[in-house]
Amino acid sequence: MPRMFLNGTAMSGGADHHLVGGAELVARTTTAKRYRFHAVDGRYPGLEDVGPDDPAGAAVEGEVYELSYQQLREVLLPGEPDGLELGVIELADGSGSLAMVLRREYPKLPPLEDISELASWRAYLDGRQ
């Protein structure tokens, strides 16, 4: 079964957590320190891979779930916003995982706010309240 790193509203307690169904939570962890983290139009998070040698890279908090291909294909992915695409990321322990990342080429991408210093979608949402 594929592993999927979630770092936004589909995490436990989030508004879209129902999209993971009964999928097993494998770990609460962070990405490797090679990403910039953005709030896309203030509505959803986006990971941007800046590479392992970029000192501006951040480790972003999230949860890893084991999802069936059917759950991934028919439920989770159709609920993702247009500004994201499925990619493979590096986790803190060096292993890989599927995740939603910013589209590399997307002319209609809404405004981005860099929230890498927060490294957490929940912290970003808490700060807005």
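Here is what the cut-offs are and how they apply
- Residues numbered from 1 in each chain as written.
- Predicted model: local features only at pLDDT ≥ 70, side-chain atom pairs only at ≥ 80, totals over all residues.
- Heavy atoms only, no water.
- Helix = DSSP H or I, 4+ residues; strand = E, 2+ residues; numbered from the N terminus.
- Rg over C-alpha atoms; globule rule 2.2 N^0.38 Å.
- Buried < 20%, exposed > 50% of the residue type's maximum accessible area, 1.4 Å probe, protein only.
- Contact = heavy atoms within 4.5 Å.
- Areas by Shrake-Rupley, 256 points an atom, 1.4 Å probe, with all protein chains shown as cover.
- Polar contact = N/O pair within 3.5 Å; in protein donor to acceptor, adjacent residues only side chain to side chain.
- Pairing = 2+ DSSP bridges.
- Axes fitted to C-alpha atoms, helices over the stretch in contact; angles between N-to-C directions.

J.: Which residues make up the overall build of the protein chain, and what values do they have?
T.: When you go through the protein chain residue by residue, the secondary structure sums to 2 helices and 8 strands. Each helix and strand of the protein chain, placed in order from N terminus to C terminus, yields the pattern β-β-β-β-β-α-β-β-β-α. Against the compact-globule benchmark of 14 Å for 129 residues, the protein chain has a radius of gyration of 14 Å, which places it among compact chains. Principal-axis analysis of the C-alpha atoms gives the protein chain an extent of 35 × 30 × 30 Å. Here the protein chain, with 129 residues, has 41% of them falling under the buried criterion. For the protein chain, restricting intrachain contacts to residue pairs at least 6 apart in sequence, the fraction spanning at least 24 positions comes to 68%. When the accessible surface of the protein chain is split by element, carbon and sulfur atoms take 48% of a total near 7,000 Å².

J.: Could you give an account of the side chain of Ser120, naming the residues involved and the relevant values?
T.: Note on placement: Ser120 falls in the loop between strand 8 (112–114) and helix 2 (121–128). Since its relative accessible area comes to 7%, Ser120 is described here as buried. In terms of polar contacts, Ser120 uses its side chain to reach the backbone amide nitrogen of Arg122, at 3.3 Å. There is a polar contact of 3.1 Å between the side chain of Ser120 and the backbone nitrogen of Ala123. Leaving out residues up to four positions away in the same chain, Ser120 has contacts with Phe37 and Glu61.

J.: Quick one: what's the story with the sheet that holds strand 8, residue by residue and with numbers?
T.: Strand pairing in a sheet is mediated by backbone hydrogen bonds. Such pairs are either parallel or antiparallel. The strand order across the open sheet built from 3 strands is 4-3-8, with neighbouring strands paired in antiparallel fashion. The sheet is open, and its two edges are formed by strand 4 (44–49) and strand 8, each paired on a single side. This sheet shows a mean twist of 35° between the axes of neighbouring strands, independent of strand direction. Here 6 bridges tie strand 3 (residues 35–40) to strand 4, and the two strands are oriented antiparallel to one another. Pairing of His38 across the sheet is with Gly46, part of strand 4. In the packing of helix 2 onto the sheet, the strands contacted are strand 3, strand 4 and strand 8, and the crossing angle to strand 3 comes to about 40°.

J.: Pulling in residues and values, what's your account of the side chain of His38?
T.: Mapped onto the fold, His38 is located in strand 3. A distance of 2.8 Å separates the side chain of His38 from the side chain of Glu48, its partner in a polar contact. The residues contacting His38, other than those within four sequence positions of it, are Tyr44, Pro45, Gly46, Glu48, Leu102, Leu112, Glu113, Asp114 and Ile115.

J.: Outline the sheet that holds strand 6 (residues 84–90), listing residues and values.
T.: Read from one edge of the open sheet, 5 strands run 2-5-1-7-6, paired in mixed fashion. For this open sheet the edge positions go to strand 2 (24–30) and strand 6, each flanked by a neighbour on one side alone. Adjacent strand axes in the sheet meet at a mean angle of 35°, parallel and antiparallel pairs treated alike. Bridging between strand 1 (residues 3–6) and strand 5 (residues 61–66) involves 4 bridges; their strand directions are antiparallel. Along strand 5, the bridge assignment pairs Phe5 with Val64.

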